[in-house]
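The residues making up each chain are set out below.
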Amino acid sequence: METGNNNHFQAMLAPLLHAEGYPFEDGILGVNMEITRTGFFGGLCAQMLNNRKLFMGTDGVDGWECQSFARVLDRPEESLCQSNFVILKNGSMSQTSEVIALQKGRTYEAKVWVKAYSEAGEVTFGTTGMEQTFTVTADGEPYKALSFVFDGEDVEDGTFAVKVIGDVAVYEVSLLPTDHFYGMRRDVIRQFRTIAPSSLRFPGGCAADHFAWRESMKAPEFRKPVDGLDMMGHLFRDTYHQDTMDIGLNEFIMLCRELNAEPELTVSLVLSDGADAHDYVEYCNGDPTTEYGGKRQALGFDPFNIHLWYVGNEAYFFGYEYRNSTLAAKRTDELIAAMKQADPTIAAAIGLTWGIDFQTWSLDFMKNLQSDFEYVSYHDYIGILPDATQGENGMATCEILESNFADGECYGLNFYRNRLYADNFHKIRICVDEWNYSWGKPSSNALFFSNALQFHFLAKGKETYHIDRAEFFMPVNEGMITVRGNLCRMESTGEMFRLLAGHRGGRVIPCATENPALDILCTDHGDHLYVSVVNRGSEPIALSVEGYAVTACTEIETKEYSFESNDYEVCECDDAMVHGHSMSFLVLVRE
């Protein structure tokens, strides 16, 4: 490109080395792992069968085609997990899905939990062409676990079926690769390792109000499914409004240890009282001499040592009776006191909001709260624009994004700073534990561009807004990693996080430029500078830094700037360049 000879397409960067600056906070590279949509089932989770515990159903069993069957709803004690189940009477059940995706050269385990009512029967199950048959009898046992391991063939949009001769209860089914990591996909974990998040929050936000942590002390097949039918249709919309609890607390901790990421947990105002919250902390952090620390140790786990605990999540909106701010404050006091009795070293993050319709709730909550806390939770989805006429994904919205955060100000955080904590904001520490362009959106060039500007704002917001931590919501199938069947692909926001790691260990210093199209984050590492640059405009810009040589330049170059396009390229550049609506990362050394 002939950019070097046109002043309009050049920009000189000027790092202000005399500025005091402040340490780059590793904590802002966290992710929020909410059990929602296809983030877990169809994403991180290795399980291929939807509604595998046969819990949800309207006319029949959601996700399953059943023939010659009876659905049992009133004998949960007979099932393994206090759920519903199916009796096949010379019948069958089958599921076809893009999640049922196998590969040649890998091995898989198919499994069913059944009980024969007839003296003799046969159960045939498995993926099409790879089934096996077992003989079952009415032997008086509560259930029989049938399983086999098989070599996979290349399968997309596969079908799993159970066929029965005789009368047989089917309690649960399973289809897993044998190399799964505590029920999770290793290819997704590899991408997580590349992103290297500093922390993982679990079970996210709204999902915490449906997550019974004690179920995690059971083996996965015995855990009661989570019922999310009343969550306005958005929480478990891809799993028939339920979650089978295949990834529970213990599995989450193993993921954190595998990634060397700090675990963070959410305690529900809706589900927990003081006694339950105390036991929760004790199970996670207590030594083996405590009641629940001993239960954890008996399962083979050393203390989880979880430091940060979120107390409640969006109670003003989803909190049922705790939409009453006085009740929410009282319950928060109860939970924090009990949790810190179990472990005085933990940090508590309280859940508030800046939303125009709920600011009075936050103000009243703080008037009634008596507890000490360490963090204030903050959620920010900038795709929820105040002017609905702009359209969620239209070009008018894209034009608005070009100027977002340009003045370094944020309406919601200004409410925290200037009204909610006007007298003591100097003591407040902010955790932006949910941020993204919007939730539930797939990767796109416009979403990436928005995320790039928002991350820069968070990283530069420590002095103004006391932002110490942040958790991107939601990494799988909503921005960072796309998972479909056998596909597992890093997306542009994931690439951005990978490259932003170059700021770790540095000191954030101002970096000036006369070109208003550029948004810059610069960190001083002593022997070099690391600079990330976002181009707000559509024209490419050549970059230079007086007195410094560019020793490396990597660019995430977007093509068409829209919510409809996901066409981008990650490239190593010979010249320091940032194309329109793109982001470049520079390593600079003194000449």
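Everything discussed here concerns the structure shown above.
Since this is a predicted model, take the numbers as computed values, not measurements.

**Student:** Outline the environment of Met130, supporting the account with residue identities and numerical values.
**Tutor:** Along the chain, the position of Met130 falls in the loop between strand E7 (121-127) and strand E8 (132-136). C-alpha of Met130 to C-alpha of Glu153: the two residues are 23 residues apart in sequence and 8.8 Å apart in space.

**Student:** Give a detailed account of the packing of helix H11 (residues 445-459) against helix H13 (residues 492-500), specifying residues and quantitative values.
**Tutor:** Packing of H11 against H13 leaves a shortest axis separation of 9 Å and a crossing angle of 30 degrees. Looking at the two axes, H11 sits roughly parallel to H13. Here the hand of the crossing between H11 and H13 comes out right-handed. Listed contacts from H13 to Leu447, Phe448, Asn451, Ala452 and Phe455 of H11 are Ser492, Thr493, Met496, Phe497 and Leu500. Taken together, the residues that form the contact of H11 with H13 break down as seven nonpolar, three polar and no charged.

**Student:** Help me get a handle on the side chain of Asn32, residues and values and all.
**Tutor:** Tracing the backbone shows Asn32 in strand E3 (residues 30-32). Within the structure, Asn32 has its side chain in polar contact with the backbone oxygen of Asp433 (distance 2.8 Å). Filtering out sequence-adjacent residues up to four positions away, Asn32 remains in contact with Arg201, Gly204, Gly205, Asp433, Glu434, Glu471, Phe472, Phe473, Met474 and Pro475.

**Student:** Talk me through the pattern of salt bridges; I want residue IDs and the actual numbers.
**Tutor:** Summed over the entire model, instances satisfying the criterion amount to 31 salt bridges. Among the salt bridges present, the one from Arg504 reaches Asp26, with a minimum N-O distance of 3.7 Å. A residue pair is termed long-range when its members are at least 10 positions apart, and Arg504 in the loop between H13 and strand E23 (507-509) and Asp26 in the loop between strand E2 (22-23) and E3 qualify at 478 residues. The partly exposed category is assigned to Arg504, whose relative accessible area is 25%. The class for Asp26 is partly exposed, based on a relative accessible area of 36%. Here Asp433 ties to Arg201 by a salt bridge, and the two come within 2.4 Å at their closest N and O atoms. Linking Asp433 in strand E19 (residues 430-436) with Arg201 in strand E12 (residues 199-202), this pair joins segments that are 232 residues apart in sequence. Take Asp433 and Arg201: they sit in the same class, and that class is buried. Salt bridges sharing partners connect three or more residues here, namely Glu25, Arg429, Lys462 and Asp468.

**Student:** How would you summarise the side chain of Ser199 if you had to cite specific residues and measurements?
**Tutor:** Inspection of the secondary structure assignment puts Ser199 in strand E12. Engagement of the side chain of Ser199 in a polar contact is seen with the side chain of Glu264, the distance being 3.3 Å. Within polar-contact distance, the side chain of Ser199 engages the side chain of Glu471 at 3.3 Å. Residues within four places of Ser199 in sequence aside, it is in contact with Leu29, Gly30, Val31, Ala261, Glu262, Glu264, Arg469 and Glu471.

**Student:** Account for the sheet that holds strand E29 (residues 568-572), naming residues and giving values.
**Tutor:** In space, the seven strands of this open sheet follow the order E2-E23-E25-E26-E31-E28-E29, with antiparallel pairing throughout. Strand pairing shows two members of the sheet lacking a second neighbour, E2 and E29, which therefore form its edges. For strand E28 (residues 548-558) and strand E31 (residues 583-590), the ladder comprises eight bridges, and the chain directions are antiparallel. Across the sheet, the residue bridging to Tyr548 is Arg590, located in E31. Running at roughly 135 degrees to strand E26 (residues 529-535), H11 makes contact with E2, E23, strand E25 (518-524), E26, E28, E29 and E31 of the sheet.

**Student:** Quick one: what's the story with the nonpolar core, residue by residue and with numbers?
**Tutor:** Core analysis: the largest hydrophobic core is formed by 121 residues, its most contacted members being Leu44, Trp309, Leu352, Tyr416, Phe455 and Met496. Tallying contributions element by element places H11 first for this core, with 10 residues. Within the second largest apolar cluster, 34 residues are counted, among which are Trp64, Tyr108, Ala110 and Val112.

**Student:** Please provide a residue-by-residue account of the environment of Leu102, values included.
**Tutor:** Mapped onto the secondary structure, Leu102 falls in the loop between strand E5 (85-97) and strand E6 (107-116). Residue classification places Leu102 among the buried positions, given a relative accessible area of 1%. Considered as a pair, Leu102 and Ser118 are 16 residues apart in the sequence and their alpha carbons are 34 Å apart. Once residues lying within four places of it in the same chain are set aside, the contact partners of Leu102 are Met48, Tyr108, Thr127, Met130, Phe150, Gly152, Glu153, Asp154, Val155, Leu175 and Asn486.

**Student:** Describe the sheet that holds strand E1 (residues 10-15), with residues and values.
**Tutor:** Pairing is mixed across the open sheet formed by four strands, whose spatial order is E24-E1-E27-E30. If you trace the sheet from one side to the other, it starts and ends with strand E24 (511-512) and strand E30 (577-578), each paired once. Sheet topology note: the strand E27 (residues 541-545)/E30 ladder contains two bridges and is antiparallel. Along E30, the bridge assignment pairs Ala542 with Met577.

**Student:** Got a sec to walk through the pairing of strand E10 (residues 158-165)? Specific residues and values, please.
**Tutor:** Note: E5 against E10, six bridges, orientation antiparallel. Of the residues in E10, the one forming a bridge with Ser97 is Gly158. Of the strand pairs in this sheet, E7 and E10 are connected by six bridges, and their pairing is antiparallel. Along E10, the bridge assignment pairs Gly126 with Ala161.

**Student:** How would you explain H11 if you had to name every residue and give the values?
**Tutor:** Each α-helix winds once per 3.6 residues, and so residues spaced three or four apart point in a common direction. Here H11 is 15 residues long and its end C-alpha atoms lie 21 Å apart, about the 21 Å a rise of 1.5 Å per residue gives. Among the 15 residues of H11, 15 are classified as buried, and the element is accordingly described as predominantly covered.

**Student:** Can you tell me about the state of the cysteines, naming the residues and giving the values?
**Tutor:** Evaluation of the coordinates by the stated rule reveals zero disulfides. The closest cysteine sulfur to the non-disulfide-bonded Cys284 is located on Cys256, 11 Å from its own sulfur. Residue Cys284 is classed as buried on the basis of its relative accessible area, which comes to 0%. For the unlinked cysteine Cys553, the closest cysteine sulfur is that of Cys573, found at 4.0 Å.

**Student:** Talk me through unusual backbone geometry; I want residue IDs and the actual numbers.
**Tutor:** The omega torsion of the bond from Phe202 to Pro203 falls at -5 degrees, within 30 degrees of zero and hence cis. The residue Pro203 is located in the loop between E12 and strand E13 (226-227) in this model. Note that the residue after Phe473, namely Met474, is joined by a cis bond; omega there is 10 degrees. Looking at the secondary structure, you find Met474 in the loop between strand E20 (467-472) and strand E21 (481-484). We note that Asn477 has phi near 65 degrees; this positive angle belongs to a residue other than glycine.

**Student:** Hey, could you go over the packing of aromatic side chains for me, with residue numbers and the actual values?
**Tutor:** Scanning all chains against the criterion turns up 39 aromatic pairs. With 5.0 Å between their ring centres and 70 degrees between their planes, Phe85 and Tyr171 make a pair best called edge-to-face. Here Tyr171 lies in strand E11 (residues 167-177) and Phe85 lies in strand E5, a separation of 86 residues in the sequence. Both residues of the pair, Phe85 and Tyr171, count as buried. Between Phe301 and Phe304, the ring centres sit 6.0 Å apart and the planes meet at 70 degrees, which makes this aromatic pair edge-to-face. A residue is classified by how much of its surface remains accessible, and Phe301, at 12% relative accessible area, is buried. A connected cluster of aromatic rings, assembled from ring pairs, spans Trp213, Tyr280, Tyr283, Tyr292, Phe301, Phe304 and Trp309. The ring of Tyr310 carries Arg201 above its face, with NZ or CZ at 4.1 Å from the centroid. For the cation-ring pair, Lys295 lies above Tyr292, with the distance from its terminal atom to the ring centre recorded as 5.4 Å.

What counts as what
- Residues numbered from 1 in each chain as written.
- Predicted model: local features only at pLDDT ≥ 70, side-chain atom pairs only at ≥ 80, totals over all residues.
- Heavy atoms only, no water.
- Helix = DSSP H or I, 4+ residues; strand = E, 2+ residues; numbered from the N terminus.
- Axes fitted to C-alpha atoms, helices over the stretch in contact; angles between N-to-C directions.
- Parallel < 35°, antiparallel > 145°, perpendicular 65-115°, else oblique.
- Left-handed = near helix turned anticlockwise from the far one by under 90°.
- Contact = heavy atoms within 4.5 Å.
- Nonpolar A, V, L, I, M, F, W, Y, C, P; charged D, E, K, R; others polar.
- Polar contact = N/O pair within 3.5 Å; in protein donor to acceptor, adjacent residues only side chain to side chain.
- Salt bridge = Lys/Arg side-chain N within 4 Å of Asp/Glu carboxyl O.
- Buried < 20%, exposed > 50% of the residue type's maximum accessible area, 1.4 Å probe, protein only.
- Pairing = 2+ DSSP bridges.
- Core = buried A, V, L, I, M, F, W, Y, C linked by side-chain atoms within 4.5 Å.
- Expected span 1.5 Å × (residues − 1).
- Disulfide = S-S within 2.5 Å.
- Phe/Tyr/Trp six-rings, centres within 6.5 Å; stacked < 30°, edge-to-face > 60°.
- Lys NZ or Arg CZ within 6 Å of the ring centre and 35° of its normal.

Shape is all these values report; function is a separate question.
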